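Chain and residue survey
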Amino acid sequence: MNSLFDVFVGSYGERNEETIHWLSFDPRIGKLEKVAAFDGIEHPSFLEVNTSKSCLYAISEVEQGEVICYGIDPVHKQLIEWSRHPTHGGPCYVEVNGDYVFVSNYTGGNIVVYGTNENGKIEEETDCVHFSTESRLHTIRRLPESDYYVATDLGKHKLYFLYFNQETGKLQQRFEAETPYPSGPRHIDFHPEIAVLYVVNEFDSTVLVYAYDVEKEFVQLQQRITTLPSNCKQENYGAEVQCNGKLLYVSNRGHDSITTYQIINNGLLKNYSISRLGSKWPRHFQSKVPGEKHLIIANEHSNELMVMRKTQKNELVHSNQRHALPRPVCVKVM
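Since the structure is predicted, the reported quantities are computational estimates derived from the model, not experimental observations. (Residues numbered from 1 in each chain as written. Predicted model: local features only at pLDDT ≥ 70, side-chain atom pairs only at ≥ 80, totals over all residues. Heavy atoms only, no water.)

**As for the overall build of the protein**
Here is the rule: Counting from the N terminus, the helices are DSSP H or I runs at least four residues long and the strands are E runs at least two residues long. The globule rule is 2.2 Å times the number of residues to the power 0.38, and the radius of gyration it is compared with is taken over C-alpha atoms. Buried residues are those whose accessible area, probed at 1.4 Å on protein chains only, stays under 20% of the maximum for their type, while exposed residues exceed 50% and partly exposed ones sit between those limits. Contacts are assigned to residue pairs with any non-hydrogen atoms lying within 4.5 Å of each other. The Shrake-Rupley method, run with a 1.4 Å probe sphere, supplies the accessible areas, and residue values consider only the shown protein chains as cover.
Along the backbone of the protein there are zero helices and 28 strands. Relative to the 2.2 N^0.38 estimate, which gives 20 Å for 334 residues, the radius of gyration of the protein is 19 Å and therefore close to what a compact globule would have. C-alpha atoms of the protein, sized along the principal axes, occupy 50 × 50 × 35 Å. Taking all 334 residues of the protein together, 60% fall into the buried category. The contacts of the protein with a sequence gap of at least 6 include a subset with a gap of at least 24, amounting to 46%. Looking at the protein as shown, the accessible area adds up to about 14,300 Å², and 43% of this sits on carbon and sulfur atoms.

So, in structure tokens, the structure goes:
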């Protein structure tokens, strides 16, 4: 196994500040170290890397948002800005699939699609799908091994399922599902083996488990489970959700913890444990880390990344590895 892996972090900050950070991660000891840092983009709150690892895509979460495409130079450890396009709103998520990039706009209530060239550079906008004025589109994700996408509408408490035409670069709305009010669906992840998706809710601190069949335009709520202990009185907002097929992880902003669930038959959840972080506002984390022994957590209000270690019993314990960064909000391992 390669001894070091590259990690990109997006942080809130002004355009003249260093807001994208390139770090190295040593999975043997769970240590993060600085490689480089870059300015030129305001509030890059979500990042994505294409499959060929040639491009980093970052959204600028401002009123008149942008998506910026950077070429990745692994030899000189540089990001070279290749293109910059408007998103027609205030974006908060970017998804990459093949020759296309998808951006969801929280303000503006729309999803924008962009076409890329063979190197991954964004070249043109191919579609913009508008929803209602009350919509707050938070996430757009591709359903595994399909041409369908699912988007969360935190404002309308809905999931939208859309078909994507690879030839035309256009999205078509097919069907939708209402989430329990007032859930506030935020982020999504998928079971790697069965047609089940997981939604973390920002407003009521729950996870929703859905079975789906996109060809039959079928989606059904299977389970709704809390992310918090029964005696919790703190104000809390669900943030990120990630699944590896055996375990599901969720971050809690306010309670400042990571909830771990065991995944049982048919993708349902049980036996959750809650790990307090001792750090504030875990907006995002990365559980899909090489070596599969650590979580890297972006604690926005404590201005640091922290590394949690997984035990053989799948418990999370502190590794005492921390890395100071101003207002980190997204972690991507390349």
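Alright, that's what it looks like, and here's the rest.
**Looking at the sheet that holds strand β20 (residues 237-243)**
Just so we agree on the cut-off: Here, any two strands with at least 2 DSSP bridges between them count as paired. Helix axes are fitted to C-alpha atoms over the stretch in contact, other axes to C-alpha atoms as well, and angles between N-to-C directions run from 0 to 180 degrees.
Here we have four strands laid out as an open sheet, ordered β20-β21-β22-β23, and antiparallel in their pairing. Edge positions in the sheet fall to β20 and β23 (269-276), since each of these pairs with one other strand and no more. Here the strands of the sheet are splayed against their neighbours by 20° on average, with no regard to which way each runs. Where β20 meets strand β21 (residues 247-253), five bridges bridge the pair, whose relative direction is antiparallel. The residue bridging Tyr237 from the neighbouring strand is Arg253, located in β21.

**Details of the pairing of strand β6 (residues 66-73)**
Of all eight residues making up β6, seven are buried, and the element is well covered by its neighbours. With six bridges connecting them, strand β5 (residues 55-60) and β6 associate as antiparallel partners. Looking across to β6, one finds that Ser60 is bridged to Glu66. Connecting β5 to the next strand, β6, in antiparallel fashion are five residues.

**Section: the layout of surface pockets**
We count it as follows: As defined here, a cavity is a set of points on a 1 Å grid over the protein atoms alone where a 1.4 Å probe fits but cannot get out. A pocket is an open set with protein on both sides within 12 Å along at least five of seven lines, and residues line them when an atom is within 4 Å of a point. Grid points are joined across faces, edges and corners, and a volume is the space filled by probe spheres set on the points. Only Asp, Glu, Lys and Arg are considered charged, only Ala, Val, Leu, Ile, Met, Phe, Trp, Tyr, Cys and Pro nonpolar, and every remaining residue, Gly among them, polar.
Space inside the largest pocket adds up to approximately 900 Å³. The wall of the largest pocket is formed by 34 residues, among which Glu48, Val49, Glu95, Arg141 and Lys332 lie closest to the centre. Broken down by secondary-structure element, the contributors of at least two residues to the lining of the largest pocket are β4 (44-49), β8 (90-97), β12 (137-142), β16 (185-190), β20, β24 (282-286) and β28 (328-333). Examining the composition of the lining of the largest pocket, we find that four residues originate from one element, β8, more than from any other. Partitioned by chemical class, the residues of the lining of the largest pocket number twelve nonpolar, eleven polar and eleven charged. The calculated volume of the second largest pocket comes to roughly 430 Å³. At the level of secondary structure, the elements contributing two or more residues to the lining of the second largest pocket comprise β21 and β26 (304-310).

**Things to note about the sheet that holds strand β13 (residues 148-153)**
If you walk across this open sheet you meet the four strands as β12-β13-β14-β15, and the pairing is antiparallel. If you trace the sheet from one side to the other, it starts and ends with β12 and β15 (170-178), each paired once. Pairwise comparison of adjacent strand axes, ignoring direction, gives a mean angle of 25° for this sheet. By the bridge criterion, six bridges tie β13 to strand β14 (residues 158-165) in an arrangement that is antiparallel. Within β14, the position partnered with Asp153 by the bridge is Lys158.

**Considering the nonpolar core**
Convention followed: Among buried residues, the Ala, Val, Leu, Ile, Met, Phe, Trp, Tyr and Cys ones that are joined through side-chain atoms within 4.5 Å form a nonpolar core.
Residues Phe8, Ile20, Leu56, Leu79, Leu162 and Leu171 are the most contacted members of the largest nonpolar core, which totals 44 residues. In this view, Ile20 contacts Val9, Ala36, Ala37, Phe38, Ile41, Pro44, Leu47, Leu56, Ala58, Tyr70 and Leu79; residues no more than four positions away in its chain are not counted. One finds Val150, Leu159, Phe161 and Phe190 within the second-largest nonpolar core, a separate group that totals 16 residues.

**As for empty space enclosed by the protein**
Using the criterion set out here, one finds one cavity of 30 Å³ or more in the structure. Computed from the structure, the largest cavity encloses a volume of approximately 60 Å³. Of the residues in the lining of the largest cavity, the class split is three nonpolar, four polar and two charged.

**Description of the packing of aromatic side chains**
The following threshold applies: In this analysis, rings of Phe, Tyr and Trp, with Trp reduced to its six-membered ring, are considered paired at centre separations within 6.5 Å, and the interplanar angle assigns stacked below 30 degrees, edge-to-face beyond 60, and tilted for intermediate values.
Tallied over the entire structure, the rule returns eleven aromatic pairs. Look at Phe131 and Tyr160: their rings are 4.5 Å apart centre to centre, the planes differ by 20°, and that puts the pair in the stacked class. On the criterion of sequence distance, the pair formed by Phe131 in the loop between β11 (122-130) and β12 and Tyr160 in strand β14 is long-range, its members being 29 residues apart. For Phe131, a relative accessible area of 16% translates into the label buried. For Tyr160, a relative accessible area of 5% gives the class buried. Judged by centre distance (4.5 Å) and plane angle (0°), the rings of Phe161 and Phe175 are stacked. One end of the pair, Phe161, is in strand β14; the other, Phe175, is in strand β15, with 14 residues separating them in the sequence.

Any functional reading would require information beyond the geometric quantities listed.
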